[in-house]
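Okay, here's what each chain looks like letter by letter:
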Amino acid sequence: MPTIHDVALRAGVSVTTVSRVINNRGYLSEETRRKVFAAMDELHYQPNEIARSLLKKQSNLIGLIIPTVSNPFFGQMAASIEACAYENGMKLLLCNSLMDPAKEKEYIGMMRKNRVDGIIMGSHTLEVDEYLNLNHPLVTFDRKIGGDVPYIASDNYAGGQTAAQLLLDKGCRKIAHICGNLALNMLSNRRTDGFLDTVKQHSAEHVMAELDINVFDYPQYEKRIRALFREHPDIDGVFATSDIIASFVVKIAQSLGLSVPDRLKVVGYDDILMASWFSPSLSTIRQPIEEMGNLAVDLIRRLMAGESIQRDNLFPVELIERESTG
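Let us look at the structure shown here. (Residues numbered from 1 in each chain as written. Predicted model: local features only at pLDDT ≥ 70, side-chain atom pairs only at ≥ 80, totals over all residues. Heavy atoms only, no water.)

### Quick notes on the nonpolar core
Point 1. Membership of the largest hydrophobic core comes to 52 residues, with the highest contact counts inside it found for Ile152, Ile178 and Leu264.
Point 2. When near neighbours in sequence (up to four residues on either side) are disregarded, Leu264 contacts Phe229, Ile235, Asp236, Gly237, Val238, Val249, Ala253, Ser259 and Ser324.
Point 3. Listed in part, the 15 residues of the second largest apolar core include Leu168, Ile175, Leu196 and Ile285. (Core = buried A, V, L, I, M, F, W, Y, C linked by side-chain atoms within 4.5 Å. Buried < 20%, exposed > 50% of the residue type's maximum accessible area, 1.4 Å probe, protein only. Contact = heavy atoms within 4.5 Å.)

### Observations regarding helix α2 (residues 15–22)
Point 1. All buried positions along α2 are accounted for by Thr17, Val18, Val21 and Ile22. The arc that holds every buried residue of α2, seen down its axis, measures 135°, which confines them to one face. (Helix = DSSP H or I, 4+ residues; strand = E, 2+ residues; numbered from the N terminus. Arc of directions from axis to C-beta.)

### Some details on the sheet that holds strand β1 (residues 61–66)
Point 1. Read from one edge to the other, the open sheet built from six strands follows the order β2-β1-β3-β4-β5-β11, with strand pairing classed as parallel. Where the open sheet ends on each side, the last strands, each with one partner, are β2 (91–96) and β11 (312–315). Recorded for the sheet is a direction-independent mean angle of 20° between the axes of neighbouring strands.
Point 2. Looking at chain direction, strand β3 (residues 118–121) and strand β4 (residues 138–141) are connected through three bridges and run parallel. Residue pairing across strands places Ile119 opposite Leu138, the latter belonging to β4. (Pairing = 2+ DSSP bridges. Axes fitted to C-alpha atoms, helices over the stretch in contact; angles between N-to-C directions.)

### What about unusual backbone geometry?
Point 1. Pro261 follows Val260 through a cis peptide bond whose omega is 15°.
Point 2. Here Pro261 lies in the loop between α11 (243–255) and β9 (265–270).
Point 3. The backbone of Asp142 sits at a positive phi, close to 60°, despite the residue not being glycine.
Point 4. You can see Asp142 is positioned in the loop between β4 and β5 (151–154).
Point 5. Classification of Asp142 as buried rests on a relative accessible area of 13%.
Point 6. Unusually for a residue other than glycine, Ser203 sits at a positive phi of about 55°.
Point 7. Here Ser203 lies in the loop between α9 (190–201) and β7 (205–210).
Point 8. Judged by its relative accessible area of 69%, Ser203 falls in the exposed class.

### So, the pattern of salt bridges
Point 1. Counted according to the given criterion, the structure contains 14 salt bridges.
Point 2. Asp234 is paired through a salt bridge with Lys174; the nearest N and O atoms lie 3.0 Å apart. Of this pair, Asp234 sits in the loop between α10 (219–231) and β8 (237–240) while Lys174 sits in strand β6 (residues 174–179), placing them 60 residues apart in sequence.
Point 3. Among the salt bridges present, the one from Arg190 reaches Asp193, with a minimum N-O distance of 3.2 Å. Of this pair, Arg190 and Asp193 both sit in helix α9, three residues apart, which is roughly one turn of the helix.
Point 4. Exposure remark for Arg190: the relative accessible area of 38% places this residue in the partly exposed category.
Point 5. Residue classification places Asp193 among the partly exposed residues on the basis of a relative accessible area of 31%. (Salt bridge = Lys/Arg side-chain N within 4 Å of Asp/Glu carboxyl O.)

### Concerning the packing of α2 against helix α3 (residues 30–43)
Point 1. As a packed pair, α2 and α3 sit with axes 10 Å apart at the nearest point and diverge in direction by 90°. The angle between α2 and α3 falls in the class roughly perpendicular. Across the interface between the two elements, Thr17, Val18, Val21 and Ile22 of α2 pack against Thr32, Arg33, Val36, Phe37 and Met40 of α3.
Point 2. Its residues assigned to classes, the contact of α2 with α3 shows six nonpolar, two polar and one charged. (Parallel < 35°, antiparallel > 145°, perpendicular 65-115°, else oblique. Nonpolar A, V, L, I, M, F, W, Y, C, P; charged D, E, K, R; others polar.)

Listed below in structure tokens is the structure:
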């Protein structure tokens, strides 16, 4: 394996000069840079990234902790973060917590050891102090944890309002809301607040179905949704707190002979890519996943540079009407 000394010998320069070219430090003529890069190409030399990160006190690594990449929302979010990080010369260290506090804590420790430049936190099973004591640039999704830690979220309250109003406007008389576990301190709970305030303002009949603490345990969805239809057979509208839950609603409703949207109207949340592929295609509240992911990387970069940043980063939502509401 070629070394920096081999590159210096091939280019006819000193080891110090090669190091300065690699790390872009100090003035060097274009001719010198050309000779060094040509020697690196000829020898297939790859700079030692660990050594460079120690020298620069920067690893160019961003850590991302999410509940599970198998969830389409978090999969799209991770993809947008990775693409933006790569465009800015950074790499992504991706971890799935699976809502396990011990696993999440272990991943945080691993990121510290790997000297990541910052952490984007999309999983929130640990106590607030675990985050505040990180001493790393930190950005969170859908959770405020205090201090000056910036967070990113869609306008969940407005989304809940919009979904409820759509179902009311479509003539629904008894609306169900299927939400995540409200014991989790998540800003996504504001979707429920927006929904409840709207149906109560219209004195509309409604029912609630709350998921277990592990909201990404998909097998529970079918059990909970079937129980909802069994206990409330006269439901004619459903607002689900995610597109995945909404897709389960459509599937189970159809298996019970409930036509969507003629007999039952369904609204989801997120506007994941496959929402338009479902049959019927899914009406949903769109949160701008790509823009949110890009901002997360930008905030980490600005925190690394010591810039002042905005703590509250709330994105507007958009109603996307498709076939599931007629």
